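# Descriptive structure summary
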Amino acid sequence: MTSRKTFLKTSAITGAAMLLNSLHIDAKAEKRERKNKQVNKPIVLSTWNFGLKANEAAWEILSKGGKALDAVEAGVRVPEADPTERSVGYGGRPDRDGRITLDACIMDEMSNIGSVAGLEFIKHPISVARAVMEKTPHVMFVGDGALQFALSQGFPKENLMVPDSEREWKEWLKKSEYKPIVNIENHDTIGMIALDANGNLSGACTTSGMAFKMHGRVGDSPIIGAGLYVDNEIGAATATGHGEEVIRIAGCHLVVELMRQGKSPEDACKEAVNRVVHLMEIRKKNLSDIQVGFIALNKQGEYGSYCVQGGFSYAVFDKEGNNLKNSDAHLIIPKK
Ligand code: ASP
């Protein structure tokens with residue numbers, strides 16, 4: 001039988017242990033809280049200067065505690081719907097056969113993914129990509145199959161050609177020079193990555209691809225791991241520029257893996273650009289003919305970018321406001 005003395009002793013020890021344990025739990029919670037406070041969230045970043053307007057739509061959701069996934073979809077729908085943004089969605093530039101074929105993908109914090117490539121007549125490929133992710137057991141639909149799926153989901157079939165795109169295409173046809181050039185005047189894909197108030201990451205990427213591309217050509221933008229990658233434990237990255245070069249190095253997956261190894265977002269982007277440069281050198285290609293730009297965001301809300309040629313900008317919306325940043329570049333080419 002337990003004596004009164006033993007009972008008191010045991011109770012005192014148990015009490016002290018419980019107190020220590022609860023102090024320990026408090027300290028842990030406090031540490032977590034402190035760490036959470038240091039996280040720069042919510043935050044959204046997106047490629048090129050049309051990212052500013054897109055970020056506003058994303059911020060509407062993020063600032064109210066909404067999900068990063070909803071924010072990135074709403075954000076990139078802005079340039080998709082804008083006929084004056086001529087490299088995305090409605091008003092996008094056609095391929096060399098005069099067909100507007102759109103590419104998009106989306107990825108959430110659970111590594112759910114959805115993608116469409118070569119999709120015609122649908123203004124919001126990003127939302128079709130999300131429907132692929134949420135309503136099918138698959139991850140990627142292309143061409144006619146993607147269109148049939150979109151129509152079955154109630155997306156309206158629309159003419160996406162605007163007079164300016166048609167005029168430019170007809171002008172291009174006169175020489176039919178197959179030399180897609182990527183620069184600030186001809187800015188491209190919108191890639192958007194966000195960290196929400198709950199600390200979850202998501203990303204979206206949408207484009208009409210290289211202007212006057214060969215019909216059927218698909219770039220990096222709808223390819224998970226190339227034009228976009230999200231790992232909710234590490235960070236997210238998205239790309240713009242010559243899709244062929246981004247695919248060659250599995251660009252955005254590489255950027256996220258480099259962050260996993262401890263690199264800052266900017267250093268990870270820089271290392272990925274170095275990889276592009278190295279492969280161009282090995283293949284004896286002229287670097288000044290291409291542009292590739294990466295933007296990246298880590299779990300702490302730190303961000304960065306890097307590109308091959310000067311002139312790549314990206315927009316960041318966080319507690320500091322919505323600001324356009326110029327990316328550092330491997331090559332600084334003087335303006336003519
Ligand atoms: N990455 C896109 C593509 O290759 C175009 C771009 O962003 O410049 O289709």
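Here the focus is the overall build of the protein chain. A count of helical and extended segments in the protein chain gives 9 helices and 13 strands. Scored against the burial criterion, the 336 residues of the protein chain give a buried share of 51%. Long-range contacts, defined here as pairs at least 24 residues apart, represent 65% of the contacts in the protein chain between residues at least 6 apart. Surface summary for the protein chain: the accessible area is close to 16100 Å², and the carbon and sulfur share equals 53%.

Glancing now at the sheet that holds strand E4 (residues 140-142). A sheet is described by the order of its strands in space; here 8 strands give the open sequence E4-E3-E2-E6-E5-E1-E11-E12, paired in mixed fashion. At either end of the open sheet lies a strand with only one pairing partner, and these are E4 and strand E12 (321-326). Sheet twist, expressed as the mean angle between neighbouring strand axes with direction ignored, is 10°. Pairing geometry for strand E1 (residues 43-47) and strand E11 (residues 313-318), over 4 bridges, is antiparallel. Residue Ser46 lies in a different strand from E11, and its bridge partner there is Ala315. The strands that helix H2 (residues 51-62) touches are E1, strand E5 (190-195), E11 and E12; relative to E1, the one it contacts most, it runs at about 155°. On top of the sheet, helix H4 (residues 125-135) reaches strand E2 (102-107), strand E3 (113-119), E4 and strand E6 (201-207); it is set at about 135° to E3, its chief contact.

Another aspect to go through is helix H6 (residues 163-175). Of the positions making up H6, those classed as buried are Ser165, Trp169 and Trp172. All buried residues of H6 lie within an arc of 60° about the axis, which places them on one face of the element. Of the exposed residues in H6, the ones pointing more than 90 degrees away from its buried face are Pro163, Arg167 and Lys174.

It is worth spelling out the nonpolar core at this point. Of all hydrophobic cores here, the largest spans 81 residues; its most connected members are Val44, Leu45, Val116, Val128, Val255 and Phe294. Residue contributions to this core peak at 7 residues, all from helix H9 (residues 265-282). Excluding anything up to four places from it in sequence, Val44 contacts Asn55, Ala58, Trp59, Leu62, Met192, Ile193, Ala194, Ala315, Val316 and Phe317.

What follows deals with the pattern of salt bridges. Applying the stated criterion across every chain, the model contains 18 salt bridges. Among the salt bridges present, the one from Asp82 reaches Lys53, with a minimum N-O distance of 3.6 Å. In this pair, Asp82 is assigned in the loop between helix H3 (68-81) and E2 and Lys53 in helix H2, connecting sequence segments 29 residues apart.

Attention now goes to unusual backbone geometry. Omega for the peptide link from Lys41 to Pro42 comes to 0°, which places this bond in the cis form. Position of Pro42 relative to the elements: it lies in the loop between helix H1 (4-38) and E1. With a phi angle near 45°, Ala250 is a residue other than glycine that sits in the positive phi range.

Below, the discussion takes up the site of the ligand. Neighbouring residues of the ligand: Asp188, Thr189, Gly209, Met210, Arg217, Gly219, Asp220, Ser221, Thr240, Gly241 and Gly243. Contact between the ligand and Thr189: an oxygen atom at 2.5 Å from a side-chain N or O atom of the residue. In this structure, Ser221 approaches the ligand through a side-chain N or O atom, which is 3.5 Å from a nitrogen atom. Taking 260 Å² as the accessible area of the ligand by itself, protein coverage stands at 100%. Given that more than half its atoms are within 2 Å of the pocket grid, the ligand belongs to the largest cavity. Residues belonging to the shell around the ligand are distributed by class as follows: 1 nonpolar, 7 polar and 3 charged.

As a further point, take H4. Three- or four-residue spacings in an α-helix give side chains the same orientation, since the helix completes a turn every 3.6 residues. Among the 11 residues in H4, 9 count as buried, and that is most of the element. What H4 keeps buried is the set Pro125, Ile126, Ser127, Val128, Ala129, Arg130, Ala131, Val132 and Met133. For H4, the elements touching its buried residues are H3, E2, E3, E4, helix H5 (143-152) and E6.

Here the structure, examined in full by the defined rule, presents 6 aromatic pairs. A centroid spacing of 4.4 Å and a plane angle of 5° characterise the contact between Trp59 and Phe317, whose relative ring orientation is stacked. Of the two residues, Trp59 sits in helix H2 while Phe317 sits in strand E11, which places them 258 residues apart along the sequence. Exposure remark for Phe317: the relative accessible area of 13% places this residue in the buried category. Every member of this aromatic cluster is reached through a ring pair, and the members are Trp48, Tyr303, Phe312 and Tyr314. Sitting over the face of the ring of Tyr90, Lys123 holds its NZ or CZ atom 4.9 Å from the ring centroid. Cation over ring: Lys157 sits above Phe121, and NZ or CZ is 4.9 Å from the ring centre.

So, about the side chain of Glu245. Looking at the element boundaries, Glu245 is found in helix H7 (residues 243-248). The exposure class assigned to Glu245 is buried, which follows from its relative accessible area of 8%. Here Glu245 is in contact with Val276, Met280, Arg283, Ile290 and Val292, once residues within four sequence places are set aside.

Time to look at empty space enclosed by the protein. Applying the stated criterion to the full structure yields 1 cavity of 30 Å³ or more. Every residue lining the largest cavity is listed: Asp103, Asp188, Thr189, Thr207, Gly209, Met210, Arg217, Gly219, Asp220, Ser221, Gly241 and Gly243.

Procedures and definitions
- Just so you know, the residues in each chain are numbered from 1, in the order the chain's sequence is written.
- pLDDT decides what is reported in this predicted model: residues at 70 or higher carry local features, side-chain atom pairs at 80 or more are listed and counted, and totals for whole chains, interfaces and linings draw on all residues regardless.
- For side-chain calculations, the full set of non-hydrogen atoms in the structure is used, while hydrogens and water are omitted.
- Here a strand is any run of E in DSSP of at least two residues, a helix any run of H or I of at least four, and the numbering for each starts at the N terminus.
- Note on exposure labels: buried denotes an accessible area under 20% of the residue type's maximum, exposed denotes more than 50%, and partly exposed covers the range between, all computed with a 1.4 Å probe on protein chains only.
- Here, two residues are considered to be in contact whenever any of their heavy atoms come within 4.5 Å of each other.
- For accessible areas, the Shrake-Rupley method is used with a probe of radius 1.4 Å. Any residue's cover is judged against the shown protein chains and nothing else.
- Being paired, for any two strands, means DSSP has found at least two bridges between them.
- Lines fitted to the C-alpha atoms define the axes, with helices restricted to the stretch that makes contact. Angles between their N-to-C directions range from 0 to 180 degrees.
- Of all possible arcs, the one meant is that of the directions from the helix axis to the C-beta atoms.
- Remark: nonpolar core denotes a set of buried residues (Ala, Val, Leu, Ile, Met, Phe, Trp, Tyr, Cys) joined through side-chain atoms within 4.5 Å.
- Salt bridge criterion: a side-chain nitrogen from Lys or Arg within 4 Å of a carboxyl oxygen from Asp or Glu.
- It suffices for a single heavy atom of a residue to lie within 4 Å of a molecule or strand for the residue to be listed as near it.
- Each polar contact in these results corresponds to two N or O atoms within 3.5 Å; when the atoms are within protein, one needs to be able to donate a hydrogen and the other to accept it, and residues that are neighboring in sequence are counted only if both atoms are side-chain atoms.
- Computed over the protein atoms alone on a 1 Å grid, cavities are sets of points where a 1.4 Å probe fits but cannot get out and pockets are open sets with protein on both sides within 12 Å along at least five of seven lines; a residue lines them when it has an atom within 4 Å of a point.
- Whether a molecule sits in a cavity or pocket is decided by its atoms, more than half of which must lie within 2 Å of the grid points.
- Throughout this entry, Asp, Glu, Lys and Arg are counted as charged residues, while Ala, Val, Leu, Ile, Met, Phe, Trp, Tyr, Cys and Pro are counted as nonpolar. The remaining residues, Gly among them, count as polar.
- Two rings belonging to Phe, Tyr or Trp (six-membered ring only in the last case) form a pair when the distance between their centres is within 6.5 Å. Interplanar angles under 30 degrees mark stacking, angles over 60 mark edge-to-face geometry, and anything in between is tilted.
- Lysine and arginine charges are scored as sitting over a ring when NZ or CZ, respectively, is within 6 Å of the ring centre and within 35 degrees of the ring normal.
- Grid points are joined across faces, edges and corners, and a volume is the space filled by probe spheres set on the points.

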